[in-house]
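Residues per chain are reported as follows:
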Amino acid sequence: MTQAPGMARAAVLGSPIAHSLSPVLHRAAYAALGLSGWSYQAIECDEAELPALLAGLGPEWAGLSLTMPLKRAVLPLLDSVSDLAVEVGGVNTVLFDGGGTGGRHGDNTDVHGIVAALREAGVRAPGSAAVLGGGATAASALAALRDLGLDTATLVVRDPGRAADTLRVADRLGLTLSVRGLDALSDIAATDLVISTLPSGAADPLAGALAGVPALLDVAYSPWPTAAAEAVAAKGGTVVSGFAMLLHQAVRQVELMTGRGDVPVEAMRAAGEAELARRAAG
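Enquirer: Teacher, can you tell me more about the pattern of salt bridges here?
Expert: Any two side chains of opposite charge can pair if their charged atoms end up close together. Taken as a whole, this structure holds 11 salt bridges when the rule is applied. In this structure, the salt-bridge partner of Asp 165 is Arg 168, at a minimum N-O distance of 2.3 Å. With a gap of 3 residues between them, Asp 165 and Arg 168 both fall in helix α6 (residues 164-173), about one helical turn apart. Given the relative accessible area of 44%, Asp 165 is considered partly exposed. Residue classification places Arg 168 among the partly exposed positions, given a relative accessible area of 46%.

Enquirer: Can you walk me through the nonpolar core in this structure?
Expert: Grouped burial of nonpolar side chains is what soluble globular proteins tend to show. Formed by 35 residues in total, the largest nonpolar core has its most connected members in Leu 118, Leu 142, Leu 145 and Ile 195. Elements that contribute at least two residues to this core include exactly α4 (110-120), β7 (129-132), α5 (136-147), β8 (152-157), α6, β10 (193-196), β11 (215-218) and α9 (242-258). Looking at this core element by element, the count peaks at 7 residues for α5. With near-sequence residues (within four places) excluded, Leu 142 lies in contact with Val 131, Ala 153, Thr 166, Ala 170, Leu 173, Leu 175 and Leu 177. In terms of nonpolar packing, the next biggest core, distinct from the first, is built from 24 residues, Leu 246, Val 251, Val 254 and Met 257 among them.

Enquirer: Explain the pairing of β11 to me, please; I cannot follow it from the model alone.
Expert: When a strand is regular, its side chains alternate between the sheet's two faces. On β11, burial covers both faces: Ala 215 and Leu 217 on one face and Leu 216 and Asp 218 on the other are all buried. Here β10 runs beside β11; their pairing, made up of 4 bridges, is parallel. Paired with Leu 193 across the bridge in β11 is Ala 215. With 4 bridges joining them, β11 and strand β12 (residues 238-241) adopt parallel strand pairing.

Enquirer: For this particular structure, what's the right way to read the sheet that holds strand β5 (residues 93-96)?
Expert: Strand pairing in a sheet takes place through backbone hydrogen bonds and is either antiparallel or parallel in direction. Strand order in the open sheet formed by 6 strands is β2-β1-β3-β5-β6-β4, with mixed pairing between adjacent strands. The open sheet has two free edges, formed respectively by β2 (38-44) and β4 (80-81), since each of these has just one partner strand. Direction of pairing for strand β3 (residues 61-66) relative to β5: antiparallel, over a ladder of 3 bridges. Within β5, the residue paired with Gly 63 across the bridge is Leu 95. The sheet contacts of helix α1 (residues 22-33) involve β1 (8-14), β2 and β3, and relative to β2 the element is tilted by about 175°.

Enquirer: Would you mind going over the sheet that holds β11 with me for this structure?
Expert: Read across the open sheet, the 6 strands follow the order β9-β8-β7-β10-β11-β12; overall the sheet is parallel. Strand pairing shows two members of the sheet lacking a second neighbour, β9 (176-181) and β12, which therefore form its edges. Neighbour-to-neighbour, the strand axes of this sheet turn through a mean angle of 20°, independent of strand direction. Strands β11 and β12 of the sheet are contacted by α9, whose axis makes an angle of about 50° with β12.

Conventions adopted
Residues numbered from 1 in each chain as written. Predicted model: local features only at pLDDT ≥ 70, side-chain atom pairs only at ≥ 80, totals over all residues. Heavy atoms only, no water. Salt bridge = Lys/Arg side-chain N within 4 Å of Asp/Glu carboxyl O. Helix = DSSP H or I, 4+ residues; strand = E, 2+ residues; numbered from the N terminus. Buried < 20%, exposed > 50% of the residue type's maximum accessible area, 1.4 Å probe, protein only. Core = buried A, V, L, I, M, F, W, Y, C linked by side-chain atoms within 4.5 Å. Contact = heavy atoms within 4.5 Å. Pairing = 2+ DSSP bridges. Axes fitted to C-alpha atoms, helices over the stretch in contact; angles between N-to-C directions.

See below:
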């Protein structure tokens, strides 16, 4: 993709979007990089509104961050899609041709975010892993496990009969996936790593079963810590917050949208943590 000009726009789209932390992270990066002509906003947008919104964007747009429910809905609206995004079946980043020709390229930085967050916490080569949940983030989690060297994984979902889409993702990734119901959660207590992709609070009833796992990445981050994170930490396990994943996927988005290789991770981290603290206090 052609690097965007000195003045450019970017945004995060989704529904609901009001509490997205992405504007805080991206704006902190722009400030630290001296990109005074860049702006980043949050735009409420659902699946029905997405085609018209994309069609109305001008050449000043550098890129978009996408959250639910748009990661899969955007696929038929793009001119090209990265191999990784095709494998996981979801796009969380849209890049626009900087020459103003309107080309739309889809990519996925969630996988990078998960891998970077785990490696930062010292989780680099787990021997076994399980993923809780079967949505778009679960698909990215499976790709992250492949990048960490695994060729098998366990998927734990409420209804194993509805895991067909995730099984297809695993097949594209070259992963052998065992699908289990929530009643089998206690069987994965010895798993090296569990990645929970469940919504905030949804994993709380599972905290007791997860308490003994050596490492947990919980994609939830507000409020934090979750009950599952507290249970794992209390037994001496490594706990990784969803904020770390969000931070590192945003870092990669800034790199892709700006063409800069010196994205200020710590400035973005500090801004995000300060905003989360402000929200918790308010």
